[in-house]
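Residue-level structure breakdown
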Amino acid sequence: MDSSIAASGVFTSTRQFLAWKKQKLDGYGSEYTNLPVNIADPFRIREDEYTHLVEQVRRRNFVLYRLDPEYSESPQAVMALCRQLGLVSTIGNPESGQDHVSYIHDRTRGLENPSRYIPYTSKPLNWHTDGYYYPENHKVRSFVMHCAHPAGSGGENGLIDHEMLYIQMQELAPELAQCLCLPDTLTIPQNVEQGKVLRETFQGPVYSMDENGCLYMRFTQRRHHIIWKQCSKVTQAIAFLNSMLSSPLPWKVTVRLARGEGILCNNILHCRHAYSDLHPETSGRLLYRIRFHERMSLGHP
Ligand SMILES: [Fe+2]
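Counting restarts for each chain, with residues numbered from 1 along the sequence as it is written. It should be noted that, the model being predicted, local features are given only for residues of pLDDT at least 70 and side-chain atom pairs only at 80 or more, the latter also being counted only at that level, while totals for whole chains, interfaces and linings use all residues.

**As for the nonpolar core**
Heads up, the rule is: A set of buried residues drawn from Ala, Val, Leu, Ile, Met, Phe, Trp, Tyr and Cys, joined through C-beta atoms within 7 Å, is what defines a nonpolar core. Once C-beta atoms are placed from the backbone, each residue is buried if 20 or more other C-beta atoms lie within 10 Å of its own, exposed if 12 or fewer, and partly exposed for counts between those two. Contact criterion: two residues are in contact if their C-beta atoms, reconstructed from the backbone, are within 7 Å.
Formed by 66 residues in total, the largest nonpolar core has its most connected members in Leu264 and Ile290. Leu264 has contacts with Phe62, Val63, Tyr65, Leu85, Val144 and Met296, leaving out every residue within four places of it along the chain.

**A short note on the sheet that holds strand S5 (residues 125-128)**
Under the convention used in this document: Here, strands pair whenever DSSP counts at least two bridges between them. A helix here means a DSSP run of H or I that spans at least four residues, while a strand means a run of E at least two residues long, and both kinds are numbered starting from the N terminus. Axis angles are defined between N-to-C directions and span 0 to 180 degrees, where every axis is a line fitted to C-alpha atoms and, for a helix, only to the segment in contact.
The four strands are arranged S5-S18-S8-S16 in an open sheet whose pairing can be described as antiparallel. Because the sheet does not close on itself, it has two edges, and the strands there are S5 and strand S16 (252-255). Averaged over all adjacent pairs, the angle separating strand axes in this sheet is 15°, with direction ignored. In the sheet, strand S8 (residues 157-160) pairs with strand S18 (residues 269-272) via four bridges, with the strands oriented antiparallel. Among the inter-strand pairings, Ile160 is bridged to a residue of S18, identified as Leu269.

**A closer look at helix H3 (residues 75-83)**
Turning to H3, its buried residues are Ala77, Val78, Met79, Leu81 and Cys82. For H3, the secondary structure elements touched by its buried residues are strand S1 (37-39), strand S2 (62-67), strand S6 (142-149), strand S17 (261-265) and strand S20 (286-292).

**Considering the pairing of S18**
Pairing geometry for S5 and S18, over two bridges, is antiparallel. Within S18, the residue paired with His128 across the bridge is His270.

**Looking at helix H6 (residues 232-245)**
The test is simple: A helix's residues, less one, multiplied by 1.5 Å, set its expected span. Our arc is simply the arc of the directions from the helix axis toward the C-beta atoms.
Helix length check: H6, at 14 residues, gives a terminal C-alpha distance of 20 Å against a target of 20 Å (1.5 Å per residue), a fit within 8%. Every buried residue of H6 is accounted for by Ala237, Ile238 and Leu241. Taken down its axis, H6 places every buried residue within 95° of arc, on the same side. Turned more than 90 degrees from where H6 packs its buried face, Ser232, Ala239 and Ser243 sit exposed. Looking at the buried residues of H6, the elements they touch are helix H4 (162-172), helix H5 (174-179) and strand S15 (227-228).

**Considering the domain arrangement of the chain**
By convention, interface size is frequently given as the accessible area that disappears when the constituent parts associate. Put simply, the rule is: Domains are outlined according to an automatic or database domain assignment. Throughout this entry, Asp, Glu, Lys and Arg are counted as charged residues, while Ala, Val, Leu, Ile, Met, Phe, Trp, Tyr, Cys and Pro are counted as nonpolar. The remaining residues, Gly among them, count as polar.
Taken as a whole, the chain is organised into domain 1 (1-31 + 162-247) and domain 2 (33-124 + 133-160 + 251-301). Placing the centre of domain 1 and that of domain 2 at their C-alpha centroids yields a distance of 24 Å. Opposite the 16 residues of domain 1 that make contact, domain 2 presents 13 residues. It is H4 that contributes the most residues to the side of domain 1 that touches domain 2, four residues altogether. When its residues are assigned to classes, the side of domain 1 that touches domain 2 shows ten nonpolar, four polar and two charged.

Structural data, given as structure tokens:
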């Protein structure tokens, strides 16, 4: 085991980990709601709406919201809401527009070019954090997923606060949790498309302490384009993590976003169930996704 990985993984001492854990669990509480916070005017959120949003994020690193129907299909309204929570530095990708908004829908339905990226199909997406393949100076620390139109059926999202998962893993298998903090736990090979390098090789830990003092997680259950460290402990650790993700954890949330509803989160673990759109001629599932460099600000707007 790397000597830099202390007994408490990403924390510098057991004492520091226990203090962080106590603060997290005390703040998490046992009573919380999965009802969305209603937002009357996303361009100018009220003090009470802001308080409800921030309270949920502080506890669980995510919050569900519902915009007034007038704004259900407005990416500008979603962006305005994000800005009031301190999210301003957007991160684009080759699939997003100039405004860095990704329009996530099933591109295999119509006459558009089918995407080779699974998010743009109706297939299930396994557990992952966003941008697990991005370099350190380009980390995705938060994102919003907003439903402009739900699927005919399916398309639920699973959500897990990665901090709660870390605590659970430290309690059940501390040695395996520590393996996931090694700087060479995962390797993402170079991404080359038509001879052009879109992304350099990246190597990093699953769990790390971000420069802002918050726990950061890089993870995907994808089997392609990711290489796990060839070491029996890391293999065990990934198997253990996967077994936790498929078990009925008390803080696992499954939500089916309705029109005008969304998820704001500090890049927690999430997944998507498969879905189907009822008729090819009607609008299908459409989500707006915007990624940010910052975590959500928990101060005053
Ligand atoms: Fe995602």
